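Examining the three-dimensional arrangement
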Amino acid sequence: MAQILNRDTALFHFLTRIGDSTLILGHRVSEWCGHSPMLEEDIALANTALDLIGHTRMWLGLAAEVEGKGRSADDLAFLRDSMDFTNLLLVEQPNGDFGQTMMRQLLFDAWHLPYLNALKSFPDPRVAGIAEKATKEVAYHVDRAADLVVRLGDGTHESHTRMQAALDELWPCVGEMFSTDEVDAMLAPDAPKPDRIRDAWDATILPTLARATLAVPATRFTRQGGKTGRHSEHLGHVLAQMQFLQRAYPGATW
Amino acid sequence: MYAQIVESTGKAVKTLNEMEGEERVFQERINAGGKIEPKDWMPDGYRKTMVRQISQHAHSEIVGQLPEGNWITRAPTLERKAILLAKVQDEAGHGLYLYCAAETLGISRDQMFDQLHSGKAKYSSIFNYPTLTWADIGAVGWLVDQAAIMNQVPLQRSSYGPYARAMVRICKEESFHQRQGFDIMMKMCEGTAAQKRMAQDALNRFWAPSLMMFGPPDADSVHSAQSMAWKIKMNSNDELRQKFVDAVVPQAEFLGLTIPDENLAWNDKKGGYDFTDPDWQEFMAVIHGNGPCNRERLAARVKAWDDGAWVRDGLNTHAAKKRKAAKPVAG
Ligand SMILES: [Fe+2]
Ligand SMILES: [Fe+2]
């Protein structure tokens, strides 16, 4: 973010951050299609992915509109490189096993819901409107992810071990969700307040982990960088796959 | 079709006069256009044939997720990604209703999965062909879903109630699938030379396998007569194949694509197109496990099932713990 921020450019960054997170998570979840542990999960995972891609179309569509340079949501999704993607590191992490996918989902959803709730009172009605529409679906995502994490955490010895491993693996990506920088500062006091979001997140996560008989990891290690375009190696591979057609056939309509 | 090689009893079809008792009541109900429901008496052969037909259809739906799922992560726009996700999700839903319909006949979903995973159960040959370019996603929707609709619309009148009702739900969604496929083809045919080349190539590869979807030629499908008498098969394979060709040829013309068949010609006398039969040897090879993707498809399903075992065990164990905890203490 070399350019000097004003409220409009800050809003653009703010919108791409959330839109990129829903896009990359939707993409990751969609990788499960046809490969999940049971037919009901094939349907449910496709449904989650579909919701997230739907949110992406709204967030990136508005980002493109705010930017006012004639780009579309598709241009933003398919024609930017990783340094311009500002999704959270958490969502680009590989699916791993089904437990890791559901743990990633829960950690994200527990942030996503209060974040959207806060955005419902954003002064720009376009932002508030998208948040309003997305909340219902995301509230369901939280319930579903929490339910599965509890059942698998408190299931067999193997399922418990796998869920704990997933939590330990993903925990360092949690802190980034509550970080702030100049983009958030520029939009203050309208942007969601990290402390409040963290409180709401704790209020979902801590009792859920307790019911799942899972231990909160002790590590203080936190990974950062997604919000400013410094990603893990995983994102480049996601983009290579996702952007293939748009890159190989520039200017074609599909 | 989605159930291409359903072997019913090899015996000659009995006439009504040769039947008595329950069997006669059963056949009379079918002749009168009535439905057979799960608790009704039915001949063993009917039950077995329906289990085969419905489970083959169910397996086809879920294996069918794979070739299309292959392009979800590479769909070219957000809208296309969403539409394809919704479509593949529908196919999983179709699998689910169909497994439920088959379960009404006394077989469990786990048993059906065992049959699929062991290679014993069949599924439609079409899903053993690869989706190599984005145009294949168009071609699958346009041709494969269209063929499915042609076969399944009459099956809404199947004598087996649960299957007929599943077909009603499924057919509604299949027509959306066909439209989105045709729409992809249209965009590509109106597009750049490279897109048009992909579209033609997809048609070249999917044409013959689509014709195979209707099953072997009538002369070779020995078990049709009984299935027709039971009203679980409404049209002959060749009849449906002809109907499909007659519908698709003008669509291909509209798209500006060439059907890969030199012998394709309008025949005034029969009021339909003459066309070359697909290679039936290839068809039998694919049905028996030796198509381009049989091994990958089956391996993907088996892997999903095996990798998911710990999840299913975990959920079952959790449920058992909850049941135990909920049990009132004996007083
Ligand atoms: Fe289907
Ligand atoms: Fe379909």
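Residues numbered from 1 in each chain as written. Chains lettered and ligands numbered in written order. Predicted model: local features only at pLDDT ≥ 70, side-chain atom pairs only at ≥ 80, totals over all residues. Heavy atoms only, no water.

**A closer look at the packing of helix α6 (residues 134–155) of chain B against helix α7 (residues 161–189) of chain B**
Residue and element names in this part refer to chain B.
- Contact geometry for α6 and α7: axes closest at 7 Å, N-to-C directions at 150 degrees. Here α7 runs roughly antiparallel to α6, going by the angle between their axes. Viewed along their axes, α6 and α7 form a crossing whose handedness is left-handed.
- The residue makeup of the contact of α6 with α7, split by class, is 17 nonpolar, 9 polar and 2 charged. (Axes fitted to C-alpha atoms, helices over the stretch in contact; angles between N-to-C directions. Helix = DSSP H or I, 4+ residues; strand = E, 2+ residues; numbered from the N terminus. Parallel < 35°, antiparallel > 145°, perpendicular 65-115°, else oblique. Left-handed = near helix turned anticlockwise from the far one by under 90°. Nonpolar A, V, L, I, M, F, W, Y, C, P; charged D, E, K, R; others polar.)

**Things to note about the environment of R301 of chain B**
- Within the secondary structure, R301 of chain B sits in helix α12 (residues 294–307).
- Residue classification places R301 of chain B among the buried residues on the basis of a relative accessible area of 5%.
- When the C-alpha atoms of R301 of chain B and I62 of chain B are compared, they prove to be 8.7 Å apart, with 239 residues separating the residues in sequence.
- Contacts of R301 of chain B, omitting those with residues within four sequence positions, involve G34 and D42 of chain A together with I62, V63, Q65, L66 and H117 of chain B. (Buried < 20%, exposed > 50% of the residue type's maximum accessible area, 1.4 Å probe, protein only. Contact = heavy atoms within 4.5 Å.)

**Digging into the coordination of the iron ion (ligand 1)**
All names here are of chain B.
- Surrounding the iron ion (ligand 1) are the protein donor atoms E61 (OE), E91 (OE), H94 (ND1) and E174 (OE), which sit 2.0 to 2.2 Å from the metal.
- Sequence spacing among the residues donating to the iron ion (ligand 1) works out to E-x29-E-x2-H-x79-E.
- The metal-metal distance between the iron ion (ligand 1) and the iron ion (ligand 2) is 3.4 Å, with E91 serving as a donor to both. Residue E91 is located in helix α4 (residues 78–103), and its partner E174 is located in helix α7; the two are separated by 83 residues in the primary sequence. (Donors = N, O, S within 2.8 Å, 3.2 Å for Na, K, Ca; no water.)

**A few points about the pattern of salt bridges**
- Following the criterion strictly, the structure yields 29 salt bridges over all chains and no others.
- Here D97 of chain A and R162 of chain A are joined by a salt bridge, their closest N and O atoms 2.9 Å apart. Placement of D97 of chain A in the loop between α4 (89–92) and α5 (98–119) and of R162 of chain A in helix α7 (residues 157–170) is noted, with a sequence separation of 65 residues between them.
- Classification of D97 of chain A as partly exposed rests on a relative accessible area of 22%.
- Measuring nitrogen to oxygen at the nearest pair gives 3.0 Å for the salt bridge that ties K14 of chain B to E23 of chain B.
- Relative accessible area serves as the criterion here: at 40%, K14 of chain B is assigned to the partly exposed category. (Salt bridge = Lys/Arg side-chain N within 4 Å of Asp/Glu carboxyl O.)

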